[in-house]
Amino acid sequence: MDMSQYRGLFFSETREHINNLNKLVVTLEQEPGHRETINALFREAHSIKGMAATMGFDHTARLSHRLEDMLDGFRASGEVSAPVFDYLLDGIDLLEGLLDDLQGNQPERSIDAFLRKQPQPPTQKVDDPAEENLADNALAVANAGAPGAVSITIETGDDKSAESPVRGAAAEEPDLFQVLVDLLEDTPASAARCLLILRELAGSGELITSKPDMASLRQGEPCERLQAWLRTSLTKQHIEEALRKISGVANVRFIDDRRQRERSSSDEAGRTVRVRTDLLDQFVNLTGELITRRYMLHSAARHQDWNELTQSLTETGRLIDDLHHHVLQSRLMPLENITGRLPRIVRDLSRKADKKVTLRLIGVDVGIDRVVLEELTDPLVHLVRNAVDHGIDKEGVVTVTARRERDLVLIEVADDGRGMDPELLRRKAVEQGLLTARQAEGLSEHDALMLVCQPGLSTAEEVTETSGRGVGMDVVKAAVVNLGGTLAITSAPNQGTRFQMHLPFSIAIIKLLMVSCGGHHIAIPITRVQRMLDLPSGEIEGSAVQRVFRLDGEIVSLWSLNRALGLPEEPAGEITWVVLTELMGRRIGLQVDRFLGHREAFVKKIGFPLNLLTGLSGATVEGDGRVVFIIDPQPLLEERQLLDQDWTPGGPDALS
């Protein structure tokens, strides 16, 4: 029977079981004798074993069988000892690695080392003081209050929470490639030479498979070319130099794992979202009603019954709105899908830095569009790592919060640690040549905090594994902006730091403000629009180059969107049409020629080379077939800031 048709379902189901295993181990570590949790863990491992065996994935089935046997023993004894949790989490990490191999069409990695390993009891007696400290840390794994341990609180929209210490951490994956070694012609004892080569490769990393294999070579099988799959963290140059030292080696070549690229494309094509059956029923009903309306429209047009045509068009619009709503619902995935890895990351970082960290997850059941969620994974991880590494001194709380705010989703990462000093950021920006002294003096505290998003800016005194290289926050900000969102930072010395990401609910179908600029129709996402103003031109102060107007007691800089886009400007009339938006926490006015109204639109991605243009985030098609470009004003304004050496947000030179 061909099982390939079930691969996608197997990967999806197994990922869910692995996520459940991680959560259940965290829960069980808090209450080692909780029988219901032990039973649930056993069922999850049993399910993975059964599915893997059916698919013919031998290593995955064997590993899950080992975990199942252990958990079955715990069901009988009714309790799990502390050292077992690390072993269980290591096994779950290995299961996830096996799944990555299979999904990338790679050979399953070896599990023999794990199967030979047994959970070790904590050390009771240590003579060396340094080792005694290590032993104390090892014994502290069952104590959530010890340095390096992590306490996690998860709060959903139903105000249900559970708290437990978190253990284990996943290691970074080494590279996988094929090694081809050719021997010289008439090399004596070629089998022995190939055995030496295989031993060298095995010492360089994880030797997965070889052709010929070791068993055949031990029997003296001739070998002119050796092919081997190797997973290693060493460079290819290092491996080649080691192999060429072996007598008889004529040539060494490497073939990168092209299946990784195949995996990414197949993942893109095979991505799935679990949809409730009631939503599918709604799709069927709506499709049926739309088909009926189509025939009614044809009939009304054929008989020129304009009243019936108008009524049918109105009803069709209602059905399309309803369909739009349900389609968006079907794309939603809970934030919990990407926050599940955070406890392990925090635990690992806190142990390395000898810190005591409490991780709180609030509102992780909030649904977010799948595309937004996938792009949010790396920025969220980076913000949490920064909070532990930069924010928390010795002990503190890191909180990740999610909630809906109208058409936006707010994701917040906050810590109660040392906070950030705006004055230090100003000084570092000047020292590193990112700003002039005049520009730095004119920055508000909010703008100074946003300097951490400037590429290359770092305030760390030394480089560590997680910080100090001046990279990271610029990538976070770029990811948020690319999603059509905004990033805001609030902090003060010794008062903690708060990063807020406001993201659109969906980036496929969005609400747009249509405006006219230089005779062209331009669209601006509603999420970028604070207000629309019909501003009397007499209220605008300053020259044609530097203009401001007063709004709610605040002086607001006025920019010309036509000029920013390189379009001709119309002569000023009695009324100036202004779109109020935000840049680095300050309100900015964008002058346009006129407003054309609101609309919902399906956003199409822009291909090369247009995707290289700053501020161009997509395009949509109007009813008459006209292509309308969607402009994100924030990167346009920020690019202007970088080009103008005397520009400071909110200062006297922040005028257009």
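Keep in mind that what you see is a predicted model, and the values were worked out from it rather than measured. Here the residue numbers are simple positions, counted from 1 along each chain's written sequence. In keeping with the model being predicted, local features are shown solely for residues with a pLDDT of at least 70 and side-chain atom pairs are shown and tallied solely at 80 or more, while totals for entire chains, interfaces and linings include all residues. Just so you know, side-chain values use all the structure's heavy atoms and leave hydrogens and water out.

**Topic: a nonpolar patch on the surface**
Phase 1: Patch definition: residues above 30% relative accessible area lacking any salt bridge, with like charges linked at up to 9 Å and the nonpolar side chains Val, Leu, Ile, Met, Phe, Trp and Tyr linked at up to 5 Å. Computed with the Shrake-Rupley method and a 1.4 Å probe, the accessible areas treat only the protein chains shown as cover for residues. Only one rule defines a salt bridge in this text: a Lys or Arg side-chain nitrogen within 4 Å of an Asp or Glu carboxyl oxygen. A contiguous nonpolar patch, built from Leu610, Leu613, Val621, Val627 and Phe629 and spanning about 400 Å² of accessible area, is present on the exposed surface.
Phase 2: Structurally, valine 621 can be placed in strand S23 (residues 616-621). Starting at the N terminus, helices and strands are each numbered in turn, a helix being any DSSP run of H or I of at least four residues and a strand any DSSP run of E of at least two.

**Description of the state of the cysteines**
Phase 1: Defined by distance alone, a disulfide is two cysteine sulfur atoms within 2.5 Å. Going through the model one piece at a time under the given rule, you end up with 1 disulfide.
Phase 2: Cysteine 194 shares a disulfide with cysteine 223; S-S distance 2.5 Å. Note on the cysteine 194 and cysteine 223 pair: the S-S dihedral is about -85°, so by sign convention the disulfide is left-handed. Of this pair, cysteine 194 sits in helix H7 (residues 190-204) while cysteine 223 sits in the loop between helix H8 (214-218) and strand S5 (225-232), and the two are 29 residues apart along the sequence. Taken individually, cysteine 194 and cysteine 223 each receive the classification buried, so the pair is uniform in this respect. A 1.4 Å probe rolled over the protein chains alone gives each residue an accessible area, and that area as a share of the maximum for its type sets the label: buried under 20%, exposed over 50%, partly exposed in between.

**A look at the side chain of arginine 426**
Phase 1: You can see arginine 426 is positioned in helix H16 (residues 422-431).
Phase 2: Contacts are assigned to residue pairs with any non-hydrogen atoms lying within 4.5 Å of each other. Residues within four places of arginine 426 in sequence aside, it is in contact with Ala440, Leu443, Ser444, Glu445, Ala448 and Leu451.

**Some points on the confidence of the model for the protein**
Phase 1: Across the protein, the average pLDDT comes to 78, with 82% of residues at or above 70.
Phase 2: Helix H6 (residues 129-139) is the least confidently modelled element of the protein, averaging 33 in pLDDT, while strand S11 (residues 408-415) averages 92, the highest of any element.
Phase 3: Confidence of the prediction at every residue is given by pLDDT, a number between 0 and 100. Scored below 50 in pLDDT, residues 121-149 shows 32 contacts in the model against residues more than four places distant or in partner chains.
Phase 4: Per-residue pLDDT stays below 50 along residues 259-270; that stretch engages in 12 contacts with residues further than four places along the chain or on separate chains.

**Quick word on the sheet that holds S23**
Phase 1: Being paired, for any two strands, means DSSP has found at least two bridges between them. With mixed pairing, 5 strands are arranged side by side in an open sheet as S22-S14-S15-S24-S23. Two strands bound the open sheet, and with one partner strand each, they are strand S22 (594-602) and S23. When the angles between neighbouring strand axes are averaged without regard to direction, this sheet yields 35°. Lines fitted to C-alpha atoms define the axes, with helix axes restricted to the stretch in contact, and inter-axis angles between N-to-C directions lie between 0 and 180 degrees.

**Notes on H16**
Phase 1: Residues of H16 that are buried: Pro422, Leu425, Arg426, Lys428 and Ala429.
Phase 2: On the buried face of H16, the contacting elements are helix H17 (437-442) and helix H18 (445-449).
Phase 3: Just downstream of H16, glycine 433 is the residue with a positive phi angle, here 75°.

**Digging into the pattern of salt bridges**
Phase 1: Taken as a whole and judged by the stated rule, the model has 28 salt bridges.
Phase 2: Notably, a salt bridge pairs aspartate 101 with arginine 231, separated by 2.9 Å at the nearest N-O pair. With aspartate 101 in helix H4 (residues 83-103) and arginine 231 in strand S5, the pair connects residues that are 130 residues apart, well separated along the chain.
Phase 3: Close ionic contact of glutamate 622 with arginine 626 constitutes a salt bridge, the shortest N to O distance being 4.0 Å.
Phase 4: Classification of arginine 626 as partly exposed rests on a relative accessible area of 37%.

**Focus on the packing of helix H3 (residues 58-77) against H4**
Phase 1: Where H3 meets H4, the closest approach of the two axes is 10 Å, and the angle between their N-to-C directions is 155°. Accordingly, the angle class assigned to the pair H3 and H4 is roughly antiparallel. Regarding H3 and H4, the two cross each other, and that crossing is left-handed. For the pair formed by H3 and H4, the contact residues are His59, Thr60, Leu63, Ser64, Arg66, Leu67, Met70, Leu71 and Phe74 on the first element and Val84, Tyr87, Leu88, Gly91, Leu94, Leu95, Leu98 and Leu102 on the second.
Phase 2: In the scheme used here, Gly and all other residues not listed as nonpolar or charged are polar, with Ala, Val, Leu, Ile, Met, Phe, Trp, Tyr, Cys and Pro taken as nonpolar and Asp, Glu, Lys and Arg as charged. In terms of residue class, the contact of H3 with H4 is made up of 12 nonpolar, 4 polar and 1 charged. Relative orientations are named as follows: roughly parallel for angles under 35 degrees, roughly antiparallel for angles over 145 degrees, roughly perpendicular for angles from 65 to 115 degrees, and oblique for any other angle. The sense of a crossing depends on the near helix, which, turned anticlockwise from the far helix by less than a right angle, makes the crossing left-handed and, turned clockwise, makes it right-handed.

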